[in-house]
Every structure is written in C-alpha cells, then in structure tokens.
Amino acid sequence: NSTTLTQANILERAHLQESIVRSWDAFTSELGYEEVFFVGSEIVPHDACRDRIDLLGLSRDGTPVVFELKRHRDRLQLLQAISYAAMVKKWDAARFLAALGTKHDEDTDELRSLLADEAFNLGEPEIVLIAESFDPEVILAAEWLSQFKVPISDFAISGVEHGGDTLIS
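Described below are features of the structure shown in this document. Here the structure is a predicted model, which is why all the values come from computation and not from measurement.

Parameters at a glance
Residues numbered from 1 in each chain as written. Predicted model: local features only at pLDDT ≥ 70, side-chain atom pairs only at ≥ 80, totals over all residues. Heavy atoms only, no water. Helix = DSSP H or I, 4+ residues; strand = E, 2+ residues; numbered from the N terminus. Buried < 20%, exposed > 50% of the residue type's maximum accessible area, 1.4 Å probe, protein only. Contact = heavy atoms within 4.5 Å. Areas by Shrake-Rupley, 256 points an atom, 1.4 Å probe, with all protein chains shown as cover. Pairing = 2+ DSSP bridges. Axes fitted to C-alpha atoms, helices over the stretch in contact; angles between N-to-C directions. Salt bridge = Lys/Arg side-chain N within 4 Å of Asp/Glu carboxyl O. Patch = residues over 30% accessible without salt bridge, like charges linked within 9 Å, V, L, I, M, F, W, Y side chains within 5 Å. Lys, Arg positive; Asp, Glu negative; His and termini not counted. Charge placed at Lys NZ, Arg CZ, Asp CG, Glu CD.

**So, the overall build of the chain**
Alright, step 1. Within the chain, the secondary structure is distributed over six helices and eight strands.
Alright, step 2. Counting from the amino terminus, helix and strand elements in the chain follow one another as β-α-α-β-β-β-α-α-α-β-α-β-β-β.
Alright, step 3. Taken over 169 residues, the chain has a buried fraction of 41%.
Alright, step 4. A separation threshold of at least 6 residues defines the contact pool for the chain, and within that pool the share at least 24 residues apart is 63%.
Alright, step 5. For the chain, the accessible area works out to roughly 9400 Å², and carbon and sulfur atoms hold 50% of it.

Right under this line is the structure:
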C-alpha cells in the first residue's frame, strides 16, 4: 500500500535524512550520481547564514552536490538550494575539509587525499531537490534555469508500507 511520509510518521531530518546518510552509496547510485562522496549533513554554508544544507556531497571530479530535502511540497525549496549552492561555490578545499570534521573511514580518507591535491579543482555546484511532490513553480523555475546550464535535478519520493515497514522509493 502506498502511503505519504506524513501518514507513515516519517520525519524529514530524523528519518529521511538519516536513512539517506546510512545508505549513501545506494542512494546516490539510484539517483545516477555514481562517485559522490558524503561530506556531511546539516552543514552551515556561510558564516552569515543560520540555515543548513540538508546533505552535501562532492564528486570525484570536484562537483559539489547540494541535496535539499522536503517531506512535502515547499515552494521555497529551490530558492534555498540555489542560495546554498551559491554559498558553496565560494568554498575552497580547506572549507570542505572543515565540513568533513573528524570522520575517518575509507571514503572520507580518500576525499581528504583528493582535497589535499593541489591539482584538484572544485567545479560548479549541482542542486538535487528531493520531495514527495513539487509545486509547479519549483519545476517550471528549475526547467527555466536549466536552459542557462544551471544543473538542477528533482526526484519525487514515495512511501510504501510492506510487512509493517515503510519503504521509501
């Protein structure tokens, strides 16, 4: 049976975001982002900003990927993501290293090595919007921006109840 995230009591940060972090490689692969390292969640993008990036990744080729999650429709989702991407564009390798914090595993150690290499270049940020549904304004604005080569993708998620669990697709 299909269900909404609200009906299934799935919270944006505590459930959805955490499940994505725990299954990062499978999640990014399913979206077509094969080699994206997990930088962090709830990242402050700029000192003058109190908001936080839901999830931040960095591809092997140096492309920052800003993931903005919403449990439901929110017409400000795209504006938030554009703002975060603009702030992340100003980051250098040291700022990405700081965002990694003290985490150490095979992936973060590999990412640290890439960021330490002076030949590694940071590219233009990409935006990935994830929500149960999107306001038409968000989709139309994203389509328009893509004409100007602003890389924006949007993915609708849904819940399915199966055997007492809620699966997210």
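**Digging into the sheet that holds strand β4 (residues 64-69)**
Alright, step 1. Taken together, the five strands give an open sheet; going across it, the order is β2-β3-β4-β5-β6, and neighbouring strands pair in mixed fashion. With one partner strand each, in any of the chains shown, β2 (36-43) and β6 (152-156) form the two edges of the open sheet. Strand after strand, the sheet turns through a mean of 20° between neighbouring axes, direction not considered.
Alright, step 2. Of the pairings in the sheet, the one linking strand β5 (residues 126-131) to β6 comprises five bridges and is parallel in character. Within the sheet, the bridge partner assigned to V128 lies in β6 and is S153.
Alright, step 3. Packing against the sheet, helix α3 (residues 77-89) makes contact with β3 (53-59), β4, β5 and β6, and its axis sits at approximately 155° to β4.
Alright, step 4. Across the sheet, helix α4 (residues 93-100) touches β2, β3 and β4, and the angle it forms with β2 is around 70°.

**Considering the pattern of salt bridges**
Alright, step 1. According to the stated counting rule, one finds six salt bridges in the structure shown.
Alright, step 2. K70 is paired through a salt bridge with E68; the nearest N and O atoms lie 3.2 Å apart. There is no split in this pair, since K70 and E68 are both buried.
Alright, step 3. The salt bridge involving E137 is made with R75; its shortest N-O contact spans 2.1 Å. One end of the pair, E137, is in helix α6 (residues 136-146); the other, R75, is in the loop between β4 and α3, with 62 residues separating them in the sequence.
Alright, step 4. Several salt bridges share partner residues, and in doing so they unite E35, R60 and E110 into one network.

**Here's the deal with a negative patch on the surface**
Alright, step 1. On the surface, D25, D105, E106 and D107 cluster together to form a negatively charged patch.
Alright, step 2. Within the element layout of this structure, D25 appears in helix α2 (residues 24-30).

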